[in-house]
Amino acid sequence: MTAAADPRPLTGEPVALDLLNTRWIGDGEPLDLFAGAVGLTRIEGLAIWLESTGLAGRFRADAPTLVHLLTAREALARAVADPADESARALVDAVLEHGRIRPTLTAEGTGERTEFDDRTWGPAWTAARNYLELLDSAPDRIRKCASETCVLHFHDVSRNGTRRWCSMAACGNRAKASRHYARTRER
């Protein structure tokens, strides 16, 4: 089966945020890559996401994997929305309980191997683990798009850390055009 093109407006973010971005707004309507968005089945949407995140070679696009990924997406959405929410942290921890990192010794030196109690938890665990890595490196750089009509998230890697929009070409441009229109109407 040839994977369909990824229909999402923002891709390429770290795995945790890319998972959150499987829900977006298109033409004013909420869309979900895992709920049959733009004519895809749920499993086709999962296959597209696994491919886009580089996880397709390691994990299968099947119903159990999707169920676990939806669990992780909800946990991450709650944790990102309110980092102080204890129940959200407990949900992320519950996902993380399904895997671990085992230190190894390789011919090149030290290494690590990820292990799962059930491989269908792999993508969900990977996204939750990535969220922890983002929190460790720069929690203040995890952002939601500043547009009131956008639900996308991004990791701000700009030099000065002032990125506000998921995409300057989309949300940023609309905001600038709206401000310009408001100024010209005032005159």
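Further up the page is the structure itself.
Residues numbered from 1 in each chain as written. Predicted model: local features only at pLDDT ≥ 70, side-chain atom pairs only at ≥ 80, totals over all residues. Heavy atoms only, no water.

(A) Focus on the overall build of the chain. A tally of helices and strands in the chain yields 6 helices and 6 strands. By residue count, 40% of the 187 residues in the chain fall in the buried class. Sequence separation of at least 24 residues holds for 46% of the intrachain contacts in the chain that already meet a minimum separation of 6. In the form shown here, the chain has an accessible surface area of approximately 10800 Å², with 51% of it arising from carbon and sulfur atoms. (Helix = DSSP H or I, 4+ residues; strand = E, 2+ residues; numbered from the N terminus. Buried < 20%, exposed > 50% of the residue type's maximum accessible area, 1.4 Å probe, protein only. Contact = heavy atoms within 4.5 Å. Areas by Shrake-Rupley, 256 points an atom, 1.4 Å probe, with all protein chains shown as cover.)

(B) The arrangement of the pattern of salt bridges in detail. Within the structure shown, the criterion is met by 12 salt bridges. Notably, a salt bridge pairs Arg73 with Asp32, separated by 2.8 Å at the nearest N-O pair. Of this pair, Arg73 sits in helix H3 (residues 63-81) while Asp32 sits in strand E2 (residues 29-32); the two residues are 41 residues apart in sequence, bridging distant segments of the chain. Here the two residues Arg73 and Asp32 agree in accessibility, since each one is buried. Ionic pairing is found between Glu115 and Arg113, a salt bridge with its closest N-O pair at 3.2 Å. On the basis of relative accessible area, Arg113 is assigned to the partly exposed category, the value being 43%. Connected through salt bridges with shared partners, the residues Arg100, Arg102, Arg113 and Glu115 form a single ionic network. (Salt bridge = Lys/Arg side-chain N within 4 Å of Asp/Glu carboxyl O.)

(C) The arrangement of unusual backbone geometry in detail. Phi angles above zero are rare outside glycine, and Asp27 is one such case at about 50°. Note on placement: Asp27 falls in the loop between strand E1 (23-26) and E2.

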